[in-house]
Amino acid sequence: MTQVNRLSGGLIDRNSTLNFRFDNRNYTAHPGDTLASALLANDVRLIGRSFKYHRPRGVLTAGSEEPNGIVELRAGNRKEPNTRATTAEVYEGLDAQSQNRWPSLKFDALAINDRFSNFLTAGFYYKTFMWPAVFWEKLYEPIIRKAAGLGSLSMEDDPDEYDKGFLHCDLLIIGAGPAGLMAALTAGRTGSDVILADEDFALGGRLNSESFSLGDDSASDWAAATVAELSALPNVRLMPRTTVIGAFDHGIYGAVERTGDHVATLPVGKPRQILWRTYTKRALLCAGATERPIAFENNDRPGIMLASAMRTYANRFATTAAQRVAIFTNNDDGHRTASDLRAKGVKIAAVIDVRDDAPINYEFEVLKGAQVVDTKGRLGLTFVEVALADGSRRILECGALGVSGGWNPNVHLTCHHRGRPVWNDDLAAFAPGDDLPPGMTVAGAANGTLSTHGALQSGAESAAIALDLKGALPDLPKAEDAPINQTPFWYLKGCARAWLDQQNDVTVKDVKLSHQEGFRSVEHLKRYTTLGMATDQGKTSNMAGLAIMAELAGKSIPETGTTIFRPPYTPVPIGTFAGRMKGQDFHPTRLTPSHYWAKERGAVFVEVGNWLRAQWFPLPGETHWRESVDREVRQTRASVGVCDCTTLGKIDVQGTDAAAFLNKVYCNGFAKLAIGKTRYGLMLREDGMAMDDGTAARLAEDHFVVTTTTANAVNVYRHMEFVRQCLFPDMDVQLISTTEAWAQYAVAGPNSRKLLQKIVDPEFDISNDAFPFMGCGSITVCGGLRARLFRISFSGELAFEIAVPSRYGDALMRRLMQDGEEFDVVPYGTEALGVMRIEKGHAAGNELNGTTSALNLGMGRMVSKKKDSIGSTLSEREGLNEPDALMMVGIKPVNADDKITAGAHLMDASGPVDAKHDQGYVTSAAFSPSLDCHIGLAFLKNGGARQGERMRLVSPLTDVNVEVEIVSAHFVDPEGERLRA
Amino acid sequence: MIIPHPLLGPRDSSEFVYLGDASLIDRPDWQAEDAAEAFHEYAYLRDNPAGEHRELWYHEGGDRSWLVVTRNTMTHEISKVELARDVARAQGRSK
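Reading guide: rules and limits
- Residues numbered from 1 in each chain as written.
- Chains lettered and ligands numbered in written order.
- Predicted model: local features only at pLDDT ≥ 70, side-chain atom pairs only at ≥ 80, totals over all residues.
- Helix = DSSP H or I, 4+ residues; strand = E, 2+ residues; numbered from the N terminus.
- Buried ≥ 20, exposed ≤ 12 C-beta atoms within 10 Å, placed from the backbone.
- Contact = placed C-beta atoms within 7 Å.
- Domains from an automatic or database assignment.
- Nonpolar A, V, L, I, M, F, W, Y, C, P; charged D, E, K, R; others polar.
- Pairing = 2+ DSSP bridges.
- Axes fitted to C-alpha atoms, helices over the stretch in contact; angles between N-to-C directions.
- Core = buried A, V, L, I, M, F, W, Y, C linked by C-beta atoms within 7 Å.
- Left-handed = near helix turned anticlockwise from the far one by under 90°.

## Some details on the overall build of chain A
In terms of helices and strands, chain A carries 20 helices and 50 strands. Overall size of chain A, expressed as C-alpha extent along the three principal axes, is 115 × 70 × 55 Å. Counting every position in chain A, which comprises 981 residues, the buried fraction comes to 53%. Counting only contacts in chain A whose residues sit at least 6 apart along the sequence, the fraction spanning at least 24 positions is 65%.

## A closer look at the overall build of chain B
The number of helices and strands found in chain B is two helices and six strands. Along chain B, helices and strands appear, N-terminal first, in the series β-β-β-α-β-β-β-α. Each principal axis of the C-alpha atoms in chain B carries an extent, and together these give about 45 × 30 × 20 Å.

## Some details on the domain arrangement of chain A
Residues and elements named next belong to chain A. You can read the domains of chain A as domain 1 (302-404), domain 2 (590-647 + 741-847), domain 3 (648-738 + 851-868) and domain 4 (882-981). For domain 3 and domain 4, the distance between their C-alpha centres works out to 31 Å. Taken residue by residue, the interface counts five residues in domain 3 and five residues in domain 4. Residues that form the side of domain 3 that touches domain 4 fall into these classes: two nonpolar, three polar and no charged.

## Digging into the pairing of strand β5 (residues 66-72) of chain B
Residues and elements named next belong to chain B. Within β5, five of the seven residues are buried, which leaves the element mostly enclosed by the surrounding structure. Across seven bridges, the pairing between strand β4 (residues 52-58) and β5 is antiparallel. Residue pairing for β5: His53 is matched across the bridge by Arg71. The sheet contact formed by β5 and strand β6 (residues 78-83) spans five bridges and is antiparallel. When the sheet's bridge partners are listed, Leu67 is paired in β6 with Leu83. Hairpin remark: β5 followed by β6, antiparallel, with five residues in the connecting loop; positive phi at His76, about 65 degrees.

## Quick notes on the sheet that holds strand β43 (residues 799-805) of chain A
All names here are of chain A. Within the open sheet, the six strands sit side by side as β41-β42-β43-β40-β34-β44. Their pairing is mixed. What marks the edges here is a single partner per strand, and that holds for β41 (776-781) and β44 (826-827). Relative to β43, strand β42 (residues 785-790) runs antiparallel, the two sharing three bridges. Bridge pairing links Phe790 to Glu801 in β43. Against the sheet, helix α19 (residues 809-819) engages β34 (641-644), β40 (742-748), β43 and β44, with an angle of about 20 degrees to β40.

## Examining the environment of Phe764(A)
In this fold, Phe764(A) is placed in the loop between α18 (752-757) and β41. Here Phe764(A) falls in the partly exposed class, since 17 other C-beta atoms lie within 10 Å of it.

## Quick notes on the sheet that holds strand β2 (residues 25-29) of chain A
All names here are of chain A. The five strands are arranged β2-β1-β7-β5-β6 in an open sheet whose pairing can be described as mixed. What marks the edges here is a single partner per strand, and that holds for β2 and β6 (80-84). Each strand axis lies, on average, 40 degrees off the axis of its neighbour in the sheet, ignoring direction.

## Here we look at the nonpolar core
All names here are of chain A. Counting 158 residues, the largest nonpolar core has Ile173, Ile174, Ala183, Leu284, Ala295, Val325 and Tyr491 as its most contacted members. Of the residues forming this core, the biggest block, seven residues, is contributed by helix α4 (residues 178-188). Sequence-distant contacts of Leu284, defined by excluding residues within four places in its chain, comprise Leu171, Ile173, Ile174, Ala183, Thr441, Ala443, Ser462, Ala463 and Ala466. Listed in part, the 106 residues of the second largest apolar core include Ala603, Ala748, Met836 and Ala938.

## Quick notes on the interface of chain B and chain A
On the side of chain A, 19 residues touch chain B, which itself brings 24 residues to the contact. Where the side of chain B that touches chain A is concerned, the elements lending two or more residues are α1 (35-44), β4 and α2 (84-90) of chain B. The class makeup of the residues in the side of chain B that touches chain A is 15 nonpolar, two polar and seven charged.

## So, unusual backbone geometry
Residues and elements named next belong to chain A. With an omega dihedral of -5 degrees, the bond running from Pro567 to Pro568 counts as a cis peptide bond. Relative to the elements of secondary structure, Pro568 occurs in the loop between α12 (557-560) and α13 (574-578). You will see that Arg74, though not glycine, has its phi angle at about 65 degrees, which is positive. Within the secondary structure, Arg74 sits in the loop between β5 (70-73) and β6. Under the C-beta neighbour-count criterion, Arg74 is labelled partly exposed, with 19 such atoms within 10 Å. In this structure, His250 takes a positive phi of about 60 degrees despite not being glycine. Structurally, His250 can be placed in the loop between β13 (242-247) and β14 (252-257).

## Considering the packing of α4(A) against helix α8 (residues 452-466) of chain A
All names here are of chain A. Look at α4 against α8: their axes get within 7 Å of each other, and the N-to-C directions meet at 35 degrees. Seen along the crossing, α4 lies across α8 with a hand that is right-handed. For the pair α4 and α8, the contacting residues are Pro178, Ala179, Gly180, Met182, Ala183, Thr186 and Ala187 in the first and Thr452, Ala455, Leu456, Ser458, Gly459, Ala460, Ser462, Ala463 and Ala464 in the second. A breakdown of the residues in the contact of α4 with α8 according to their chemical character gives 10 nonpolar, six polar and no charged.

## Observations concerning helix α20 (residues 830-840) of chain A
Residue and element names in this part refer to chain A. Buried residues dominate α20, accounting for 10 of its 11 residues. Buried within α20 we find Thr830, Glu831, Ala832, Leu833, Gly834, Val835, Met836, Ile838, Glu839 and Lys840. Just downstream of α20 lies Gly841, where phi reads positive at about 80 degrees.

## A look at the pairing of strand β15 (residues 273-285) of chain A
Residue and element names in this part refer to chain A. Counting buried positions along β15 gives 10 out of 13 residues, so the element sits mostly inside the fold. Pairing of strand β8 (residues 162-174) with β15, which is carried by 12 bridges, proceeds in the parallel orientation. Looking at the pairing, Gly165 lines up with Trp276 of β15. As judged from the six bridges shared by β14 and β15, these two strands associate in the antiparallel manner. Each bridged residue has a counterpart across the sheet, and for Ile252 the counterpart in β15 is Tyr279. Two elements, β15 and strand β28 (residues 440-442), share three bridges in a ladder whose sense is parallel.

Put into structure tokens, the structure is as follows:
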């Protein structure tokens, strides 16, 4: 099909032709076209079906405020639903599909909804699908979701990349229309750092849509020349295709730059969109104004659009929706559209003006005091019915109708700090109030200055004020300065199925119903009818809804009030907010010093916070993880195993008050800890609950090394800094995290000392007498490498932890493996580590879960009463010390083949199984190779006194019901003989 | 938000971690007669003002200072930022 609706002129490049597809048909366009302008040029008015009633719809606007012309753009995994055809640039090969129709756009089965419109009014869903409740999730919602509709997702991963960036400037100018361009010129020429952002791909705003001139140039030529001057200024950054989506705190603005939406294929490595976090001292909002429609019966047919949009399509895109058009207006601006279209050869059926004193024009017929009362045309406008001033009716034949109901300033960003727009009688619209976000000013049409001259002037002046510029302003080109001449007219009296919010299918009748049912405040009106709650945020519909509600309530519009807008100004793809933070890059990955060695050994890794830790090391022939883990446990307990425990937090504590400081953060005492000794420490929160545990090794009188659990390393360090700076500011103590500085390995098992003796330099005696259990010290290994040795054990075996500077971590692991060959050394991962600590009855993250106290953990007596420590006072609260408080115990199945399941609950051997009779729950469970059965750690009411008792372990949801015996949590070596060997 | 750090100048709030009411500096005396009651208030009871609020922020992505930020909860306007250590000392805290 050829472009039958192409007009002369315009800002399109006719030397080049682009091919694109819409609903699987081929069309042509030119560079500079949007999908909407190209479809109109090809005589396609029907673009989509409406949300609720599936009514045929075309485009209403020529910009981002579009409620109707939304399509699925692109195919396959790059498909993007709900994209506005009015802002999508056409490129070679563009593929678009209409949405919310089945089987086809022209014949849509669900258009039957339109016949049942009497039932589908506001609140229909609330009233109808109330009960039975279970039907909602399984029946109603899926059907409604399928029927009510927007586009569909590809259900595939988005292959495109997105990025984030930071920008700084003295003045951010939002919108590059006459006000924005003039402001940029004024600020840019003084050398200030200026960013000029506009959502459009062509800078100039309405200057590109108008036929009048600025000085000696056409408006669009003036815009192009100004853009050329600005782009030559090094201190001005022009950002077309960039939407400022929100005004955030302290001069931070979010901006989305669409760097790749206008090309068929993105260059490799280039992002599709960039989310810019823009820091600016001052912002000047030059976002212009949006024309508003008038509500009348059947005002939503394809071909009915805003008069200003018609003018944009004619002047900028050289196209028209039809060859014969009519205009319905309440102001002079509508007449301008008729003149411009007529100048391009489009026939004007008539200008229907509600005003009795409408200006006369000899080029086309003006029907004064007339109103459009109804329209015809199933898939596109064919006739409009007009009530003339004398009461008679007239039918006009036309393929398009331009509607002009006045202009609303685009106040959206002024509301982002809860600023309230104020009513302006001259405009009959809300304009920005005084409570703008700090640092923001508003110029041009966005501030209610609707003439071009006014916009240019206010742009220049506002920029000068914002930057406190002295001296003369740039000369302004001579421009139109027409006064606003309008009679407010919102809707036709008596109309019902007259559309206000075309995207959410809200009609005048719905607003009346909302009023009738008592939902009269603007906030209730919005939520009851969904007026303005679609993806366009009601940019073209809110005002009329408010006006009608005001009239029904017998109040003025300002008395009725207005809802305010929130970010984002236009919809933003989730991918843009995510940026590069997706998949593997969602957070940084921390690798242990032995990572590459472990990878060579074929280790299976597990994420622990940001860390990747070896989970187990499978050997050839091992087919199940349990085989590997059981082997690692047995071999460690039989001889020696090595595990990378670098990920534990390490905090260096130094100063004359170091011991006094640790006395504050740990509930147990540290003042008397001897140099060269290590002690287990339990940290409480101030509310008395356990926060974390670890060890503190005293290397010198004023020097400790504290370890934390892997998961809590960051929080514990933060907490310790809080205690140091906020609670005890005069303590002489310094903290620094050394987690990354030291590679640390646990060497555990009866042969651990023998293995270490092979690498520890001979001048250091690590025999049991010289280096007993809980000893620590600075040593050297492998001929002079500085190292730290701690005789601590998490496995219950004779064990050490050895630390060397991180860069020697890989070498040390290889050396331990090599030197350990004679002992049949085994590397073990986090699973074996976990099994061994459960066998030994050590609490870990599962037990230190934020709901357990020292008492619950069996460490109640560790909380020193002789000193003040964080959490000590509140740990004494009555409620935390009841006789039947939960206590950590061990459990074993009575039948050795039964499994213990973490999360399952303990119940008395007989009696009801319900929450009321709950006795406790299992926190950790494992198969114990040492006991050859499953074991678990559990919290049990009065658990300390219930050893030997038989209970039931249940999980009704997962059908667990096992008989278990309560035992000591120390399954292995309860006397601790191995530790001290 | 941008927090004007007393030592480092304006810093983006994403570098900070929020804790809560600056009254957490006023940790009660554990040996006072009413210690249990005082600690209960300290740990659990907070004012929730609509307006100026003194609160603790930690510059975790920076110099690790704890700060007392006076912020208006209605407008997010920050009127004062102090080092928490200075505030603690001024309130008589020592060792």
